[in-house]
Number of protein chains: 2
Amino acid sequence: MPALPSPKRSSPRRVVSRRKTLALVITEHLRQEIVTGVREPGSKISEPTIAAAHDVSRAPVRESLRQLEREGLVVFDAVGRSRVVQLTNDDVEDICGIRASLESTAAGHAATRFHAAIEQTLRSNVAEMEEATTLDEVSQLDLAFHAAIMEASGRRRLITAWRAIEPQLRLWLGTLQRLREAISADVLAATLAAHRDLIDVLASGDATAARKAVEVHIASWVCESGGSA
Amino acid sequence: MPALPSPKRSSPRRVVSRRKTLALVITEHLRQEIVTGVREPGSKISEPTIAAAHDVSRAPVRESLRQLEREGLVVFDAVGRSRVVQLTNDDVEDICGIRASLESTAAGHAATRFHAAIEQTLRSNVAEMEEATTLDEVSQLDLAFHAAIMEASGRRRLITAWRAIEPQLRLWLGTLQRLREAISADVLAATLAAHRDLIDVLASGDATAARKAVEVHIASWVCESGGSA
DNA sequence: CTCCTAAAAACTGTCGACAGTTCGGGGGGG
DNA sequence: CCCCCCCGAACTGTCGACAGTTTTTAGGAG
């Protein structure tokens, strides 16, 4: 073996496991830490520290941070320092507005190409939510429901745009959750009802009605979830 | 051969010029190549090749490509290969729809905080466009005009989202331009008139009217520019 | 006790290297 | 003449290193 400049590596050169880059693993981990509040908004993020924590080099960490920047969870300052984003009320308001626009547009498309598989997915999501007990579970399922509608639209660009803001929604939801622990039975029931209605509207194939329904649903949700303004 | 730590550097270690990373330079160059069509949609992009072309290592190139992915100009396949995006009609339609939504929302905000400096910027843009002679110039100024409105809204998130799709608009515009060489005097006049009207509406401070006006402006523009659907 | 300065510590941007994977072509078999 | 397998070329993901900066820390001066 050629005496390498630094023969101090212990582990046998990590294997690039098929379809699962280190950057991806780290991204998921960091995202989780951010949306759950383990990393507080505004706190600094250091590449070397994270690299050491995961026992990897800085390369995949850098890539992760850029990805998280794209997701709006991390911000870089002029000198390249990164920190966890601090969402302002305006930010949340904008995000919700964009989201409403994207989802209602997507719903319109989804209505015109609705089919059994999609309905199946949505209905089972509702069924799962009926069983959910923690606020966190409900949030997860709610997002999954909306994600399913986006997917159902089949519009690449809409989906991309939605994915770009979804993590920020999760961050905001996480922040809210940490304030109020319990689930309101009323809210849960209302959400379930609204989702069932949405499925029916989508199944009807009426694009215009679907757009409107989603817009209303999100608007009401924003209000009762603790309007941002 | 046991390569020594590497005492063979020839160039005097490129200086990290303040506030201008290599990645940024390369990003700009690649973006230019893509939106101008020098790099054809769907063509492969190789990191080593680009790195060699700019005489840099792959690190900044990788970062550039990720940035361009965020801008929607480059796509990565499952194995990490990158290519220039190929916009579909659906994509363009979605992009225009998102854009209209973002800009009209921004216009609403801009109307409520309109002031002299903004008006100055917008009016001088119109003045410049009156002097413009090439189709390319007009496009640039048109985009700058709309960018100015976004900035005028002062909404961080709206601006971020808009920046995320703007390059794709440029790509599409570039594609169109390559089809029709000349500028239609009618279209130019109409655009100028529309922009002047927009400034007036914004100056009036009527948010609702501003939103509507922008929406109409963009919709009509999409139609005459060669509607996607 | 506070404010300012200089050395130390910690970072980011970029580089060249290497291992494993994937793509492209050529040769052989059906 | 077409299809399949194997080999070499080209790539991507990741690593450790280093130079230039920025942020801290540790002292001193006032």
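Above: the structure in question.
Counting restarts for each chain: residues are numbered from 1 in the order of the written sequence. Chains carry letters from A onward and ligands carry numbers from 1 onward, assigned in written order. Two thresholds apply to this predicted model, a pLDDT of at least 70 for residue-level local features and 80 or more for giving and counting side-chain atom pairs, whereas whole-chain, interface and lining totals are computed over all residues. Only hydrogens and water are set aside; all other atoms, that is, all heavy atoms of the structure, feed into the side-chain values.

Draft legend 1. Representation of the side chain of B:Asn125. Only DSSP runs of H or I covering at least 4 residues are called helices, and only runs of E covering at least 2 are called strands; the numbering of each starts at the N terminus. By the secondary structure assignment, B:Asn125 is in helix α5 (residues 116–131). Any pair of residues with heavy atoms lying within 4.5 Å of one another is described as a contacting pair. Those residues in contact with B:Asn125 that lie beyond four places of it in its chain are B:Leu141, B:Ala144 and B:Phe145.

Draft legend 2. Spotlight on the relation of the copies chain B and chain A. Superposition of the copies used a least-squares fit over C-alpha atoms from residues whose pLDDT is at least 70 in both. Once chain B has been moved 0.0 Å along the axis and rotated by 180°, it coincides with chain A to within an RMSD of 0.0 Å. Taken together, the rotation and translation relating the two chain copies correspond to the operation of a two-fold axis. With an isologous cut-off of 70% or more, the 97% of interface residues of chain B that recur at the interface of chain A puts this contact in the isologous class.

Draft legend 3. Expanded view of helix α4 (residues 89–112) of chain B. With 24 residues, α4(B) should reach 34 Å at 1.5 Å per residue; the first-to-last C-alpha distance of 35 Å fits that figure. Think of it in three bands: residues with accessible area under 20% of the maximum for their type are buried, residues over 50% are exposed, and the middle band is partly exposed, with areas taken using a 1.4 Å probe on protein chains only. Buried residues dominate α4(B), accounting for 18 of its 24 residues. What a helix should span is 1.5 Å times the count of its residues minus one.

Draft legend 4. A look at the environment of A:Ala161. Position of A:Ala161 among the secondary structure elements: in helix α7 (residues 156–179). For the pair A:Ala161 and A:Ile98, spaced 63 residues apart in sequence, the C-alpha separation works out to 9.2 Å. In this view, A:Ala161 contacts A:Leu102 and B:Ile98; residues no more than four positions away in its chain are not counted.

Draft legend 5. View of the sheet that holds strand β3 (residues 82–84) of chain B. All names here are of chain B. Pairing between two strands is assigned when DSSP locates at least 2 bridges connecting them. Taken in spatial order, the three strands line up as β1-β3-β2 in an open sheet, and their pairing is antiparallel. The outermost strands of the open sheet, each flanked by one partner alone, are β1 (44–45) and β2 (74–76). Sheet analysis places β1 next to β3, joined by two bridges and oriented antiparallel. Note that in β3 the partner of Lys 44 across the bridge is Arg 83. Across the sheet, helix α3 (residues 58–70) touches β1, β2 and β3, and the angle it forms with β2 is around 105°. Axes, fitted as lines to C-alpha atoms, cover a helix only where it is in contact. Angles between the N-to-C directions of the axes lie from 0 to 180 degrees.

Draft legend 6. Here's a closer look at the sheet that holds strand β2 (residues 74–76) of chain A. All names here are of chain A. Taken together, the three strands give an open sheet; going across it, the order is β1-β3-β2, and neighbouring strands pair in antiparallel fashion. The open sheet has two edge strands, β1 (44–45) and β2, and neither has a second partner. Sheet analysis places β2 next to strand β3 (residues 82–84), joined by three bridges and oriented antiparallel. Paired with Phe 76 across the strands is Ser 82, a residue of β3. With respect to the sheet, helix α3 (residues 58–70) is in contact with β1, β2 and β3, its orientation differing from that of β2 by roughly 105°.

Draft legend 7. Region of interest: helix α8 (residues 185–204) of chain A. Residue and element names in this part refer to chain A. Here α8 is 20 residues long and its end C-alpha atoms lie 29 Å apart, about the 28 Å a rise of 1.5 Å per residue gives. Along α8, the positions that sit buried rather than exposed are Leu 188, Thr 191, Leu 192, His 195, Leu 198, Ile 199 and Leu 202. The arc enclosing the buried residues of α8, seen along the axis, measures out at 120°, which places them on a common side. Turned more than 90 degrees away from the buried face of α8, the exposed residues are Ala 185 and Asp 186. Looking at the residues trailing α8, positive phi occurs at Gly 205, about 80°. The arc refers to the directions leading from the helix axis to the C-beta atoms.

Draft legend 8. Inspection of the nonpolar core at higher detail. We call a set of buried residues a nonpolar core when its members are Ala, Val, Leu, Ile, Met, Phe, Trp, Tyr or Cys and they connect through side-chain atoms within 4.5 Å of each other. Core analysis: the biggest nonpolar cluster contains 85 residues, and A:Leu102, A:Leu122, A:Leu202, B:Leu102, B:Leu122 and B:Leu202 have the highest contact counts within it. Not counting residues up to four positions away in its chain, the partners in contact with A:Leu102 are A:Met150, A:Leu158, A:Ala161, A:Trp162, A:Ile165 and B:Ile98.

Draft legend 9. Main features of the packing of aromatic side chains. All names here are of chain A. Planes of paired rings set the category: under 30 degrees apart is stacked, over 60 is edge-to-face and the rest tilted, where pairs are Phe, Tyr or Trp rings (Trp by its six-membered ring) whose centres lie within 6.5 Å. If you walk through the whole model with that rule in mind, you get two aromatic pairs over all chains. Relative to Trp 221, the ring of Trp 172 lies with its centre 6.0 Å away and its plane at 85°, an arrangement referred to as edge-to-face. Of this pair, Trp 172 sits in helix α7 while Trp 221 sits in helix α9 (residues 207–224), and the two are 49 residues apart along the sequence. Considered together, Trp 172 and Trp 221 belong to a single accessibility category, that of buried residues. A ring is scored as having a charge over it whenever the NZ atom of a lysine or the CZ atom of an arginine sits within 6 Å of its centre and within 35 degrees of its normal. Of note, Arg 99 hangs over the ring of Trp 221, and the distance from its end group to the ring centre comes to 4.9 Å.

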